Amino acid sequence: MTPDELAHVRQRLEAFAAEVFTPLARSDQRAKGETYLRGLLLDGRRKSMQPMAERLGVDHQGLQQFLTTSTWDTGAVRVRLAQRAVEAIGPVAWAVDDSGFPKDGTSSPGVARQYSGTLGKVANCQIGVSVHAVTDTASCPLDWRLFLPESWDTAKAGPAAVKAAKAKRRKTLKNAPRAGASTGTGVEVDVEAITEAARARRDRCGIPEEEGHRPKWTLAVEMLDELAEHGLRPPVLVADAGYGDNGQFRAALDERDIVYSVQLKGEAVAHTSEAVPAARQWSGTGRCGRPPADAPVYPDEPVSLARHVAAAGREAALTVTWREGSKGALSSQFVFLRVRPAGHRVPRDTEDGILPERWLIAEWPDDEPEPVTYWLSSLPATTPAADLVRYAKIRWRIEHDYRELKTGLGLDHFEGRSWQGWHRHVTLVTAAHLFLTLLRGDPKAAAPA
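Residues numbered from 1 in each chain as written. Predicted model: local features only at pLDDT ≥ 70, side-chain atom pairs only at ≥ 80, totals over all residues. Heavy atoms only, no water.

Draft legend 1. Representation of the overall build of the chain in the model. Of the regular secondary structure elements, the chain holds 15 helices and twelve strands. For the chain, the C-alpha atoms occupy an extent of roughly 80 × 60 × 45 Å along the three principal directions. Taking all 449 residues of the chain together, 47% fall into the buried category. A sequence separation of at least 24 residues applies to 66% of the contacts in the chain between residues at least 6 apart. (Helix = DSSP H or I, 4+ residues; strand = E, 2+ residues; numbered from the N terminus. Buried < 20%, exposed > 50% of the residue type's maximum accessible area, 1.4 Å probe, protein only. Contact = heavy atoms within 4.5 Å.)

Written out as structure tokens, the structure is:
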């Protein structure tokens, strides 16, 4: 926003800040929160504290103290933001995703050389996991977690370093010429020193003792559970293959009765919907001379989702339009099948061994030799094809979120090195984003595009 645009909505911003910062006990904290929001909303290349303070004409030390050492409950503010966002947006679905925050050095909490889907490569970065409320026309983050790699976990840093050293050695041996020089016989890793270094980094960043390395999908489930404690549940949960490929993640959603539509790779395996398990046969020569367990098993091996779709053939594809884009209606060709996803981490009915039935949706455009994207969905068997595609495709909206959160509101501009500071910064950026979303939803407001 320009200074004039911000002045035009200043009263609305003050009312919004008073509402979302109600959990802050002191009036000076609430005032600092509103000031920080103004700094995020004002036009400017950098949204770190010093440039914002210069544009606002305030002391940046006050903003820094508010973000890093002042005592206020980030979680309580996030709950109010989530409740306000769900009420205002009326989400069609919630989306789970993560985003990379490129960083220099090794001191920012959670920073490591790791793969970032945002960057499309392995880079030195932090990874933030988020849950968003989405519709075709609006969206907003509801919660955040900062992912901690194993190198930031005192219980796992040493073993992870040993594993990495062994992998590097295997690669070296594989690539070494047969007659080359000796590459040594062992792996030298000072586990104690690595563990102590991880502990020192954590102490400098103020990372709580209970926070350690957990898979990204686990962080997502934790956020869903936390939001559910405040009466917020997703109508449908959508996610990309980074989450959808994980059978444990899908099982966790099933356990919570959360309907989902998640992307996954064509290599995932499943049985046809007609397949049924059969009692195990025992020849009398089983291991230890004991008959097998009573649980029935499927007699045939599951096959890949790609093979299921190939067997159905292109003639099974339907043309479906799912929404209006900036250049007209968006449509493509899709194959819809009922399958029973398989795999050793896919839970089944413990009594009859039946795997749950799910929708397999494959996008197979006319100009492509094979499908380009696959989804699994636990939506009811009676769900119309257009609705199945709409839910599968609606995750696109959070790419708009990330773009605005980063380029417009400085989500990845935080330069501090504290755990608490990172979480407070992303919370305040979320508040600024929600304020803009509310302005756009009000035809009387002069909101920026």
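Draft legend 2. Representation of the state of the cysteines within the structure. Following the criterion strictly, the structure yields zero disulfides and no others. Take C125: it sits in no disulfide, and the sulfur closest to it among the cysteines is that of C205, at 15 Å. Accessibility expressed as a relative area gives 4% for C205, which makes it buried. (Disulfide = S-S within 2.5 Å.)

Draft legend 3. The arrangement of a negative patch on the surface in detail. Taken together, the side chains of D366, D367, E368 and E370 present a region of like negative charge at the surface. On the basis of relative accessibility, which here comes to 53%, the residue E370 falls in the exposed class. (Patch = residues over 30% accessible without salt bridge, like charges linked within 9 Å, V, L, I, M, F, W, Y side chains within 5 Å. Areas by Shrake-Rupley, 256 points an atom, 1.4 Å probe, with all protein chains shown as cover. Salt bridge = Lys/Arg side-chain N within 4 Å of Asp/Glu carboxyl O. Lys, Arg positive; Asp, Glu negative; His and termini not counted. Charge placed at Lys NZ, Arg CZ, Asp CG, Glu CD.)

Draft legend 4. Local environment of the pattern of salt bridges. Summed over the entire model, instances satisfying the criterion amount to 23 salt bridges. Measuring nitrogen to oxygen at the nearest pair gives 3.2 Å for the salt bridge that ties E211 to R214. In this structure, the salt-bridge partner of E363 is K393, at a minimum N-O distance of 2.7 Å. On the criterion of sequence distance, the pair formed by E363 in strand β11 (residues 358-363) and K393 in helix α13 (residues 385-393) is long-range, its members being 30 residues apart. The exposure class of E363 is buried, given its relative accessible area of 9%.

Draft legend 5. Looking closely at the pairing of strand β2 (residues 112-116). Along β2, the buried face is formed by A112, Q114 and S116; none of R113 and Y115, which line the opposite face, is buried. Note that β2 and strand β3 (residues 121-134) share five bridges and pair antiparallel. Bridge pairing in β3 places S116 opposite K121. With antiparallel pairing between neighbouring strands as the criterion, β2 and β3 make up a hairpin whose turn holds four residues, including G120 at a positive phi of roughly 75 degrees. (Pairing = 2+ DSSP bridges.)

Draft legend 6. Just the packing of aromatic side chains, in detail. Evaluated as defined, the whole model comprises seven aromatic pairs. For the pair F16 and F435, a centre-to-centre distance of 5.4 Å together with 45 degrees between the ring planes defines the contact as tilted. On the criterion of sequence distance, the pair formed by F16 in helix α2 (residues 10-20) and F435 in helix α15 (residues 419-440) is long-range, its members being 419 residues apart. Here F16 and F435 have matching classes, each one buried. One aromatic cluster in this structure is built from W322, F334, F336 and W375. Above the ring of W152, the side-chain terminus of R201 is found at 4.8 Å from the ring centroid. Positioned over the ring face of F147 is K216, at 4.2 Å from the centre of the ring. (Phe/Tyr/Trp six-rings, centres within 6.5 Å; stacked < 30°, edge-to-face > 60°. Lys NZ or Arg CZ within 6 Å of the ring centre and 35° of its normal.)

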